[in-house]
Amino acid sequence: VGWSIWNILLDFTGGVLSDLQLVLDCADMNDFSGITGNPAKFGLGFVSIIFDIIFMVQHYCLYSGSSESMSEQQEPLIPSLEDSYERNNHDMIPSGASHEQEERQPETIMV
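Residue numbers here run from 1 along each chain, matching the order of that chain's written sequence. Only residues with pLDDT of at least 70 get local features here, since the model is predicted, and only at 80 or more are side-chain atom pairs given and counted; chain-wide, interface and lining totals rely on the full set of residues. Each side-chain value is derived from all of the structure's non-hydrogen atoms; neither hydrogens nor water enter the calculation.

Before going further, it helps to spend a moment on the packing of aromatic side chains. The aromatic pairing rule takes the rings of Phe, Tyr and Trp, using the six-membered ring of Trp, and pairs them if the centres are within 6.5 Å, calling planes under 30 degrees apart stacked, those over 60 edge-to-face and the rest tilted. Summed over the entire model, instances satisfying the criterion amount to two aromatic pairs. Aromatic side chains tryptophan 3 and phenylalanine 55 sit 5.3 Å apart centroid to centroid with 55° between the ring planes, which places their arrangement in the tilted category. Here the residue tryptophan 3 occupies a position in the segment before α1 (5–29), and phenylalanine 55 occupies one in helix α3 (residues 39–62), the gap between them amounting to 52 residues. Accessibility expressed as a relative area gives 43% for tryptophan 3, which makes it partly exposed. The buried label goes to any residue with under 20% of its type's maximum accessible area, the exposed label to any with over 50%, and the partly exposed label to all in between, with areas taken from a 1.4 Å probe on protein chains only. A relative accessible area of 30% places phenylalanine 55 in the partly exposed class. Seen in terms of ring centroids, phenylalanine 42 and phenylalanine 46 are 6.2 Å apart; in terms of plane orientation they differ by 10°. Their pairing is stacked. Taken together, the residues span about one helical turn, with phenylalanine 42 and phenylalanine 46 both in helix α3 at a distance of four residues. Phenylalanine 42 gets classed as partly exposed once you look at its relative accessible area, which sits at 30%. Runs of H or I in DSSP of at least four residues are treated as helices and runs of E of at least two as strands, each being numbered from the N terminus.

Okay, structure coming up:
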């Protein structure tokens with residue numbers, strides 16, 4: 001349920017590589033006007049990295065163990081027949097009586 005962390009990791013990798021390419025090209029030319037001349041490319045890569053870091057912190061740090069605990073707490077949408085039988089007949093059994101006493105047939109006395 002929800003989004004896949006793999007999409008976030010791929011987006012983070014793309015943002016890092018895009019900004020790294022821009023910085024390396026500018027360093028190779030000894031002219032950093034590529035960053036100031038194309039702020040949209042640098043800005044998109046930087047914003048993408050920031051949001052991806054936020055998602056990764058949520059996934060790996062804040063809510064890392066919540067997926068197992070949530071799945072244990074969820075009840076099935078369609079209960080099994082045994083569960084529904086126990087729920088429906090739980091109120092019919094008098095207090096102190098067991099299932100064995102309820103299932104026993106009354107004895108017949110011959111005179």
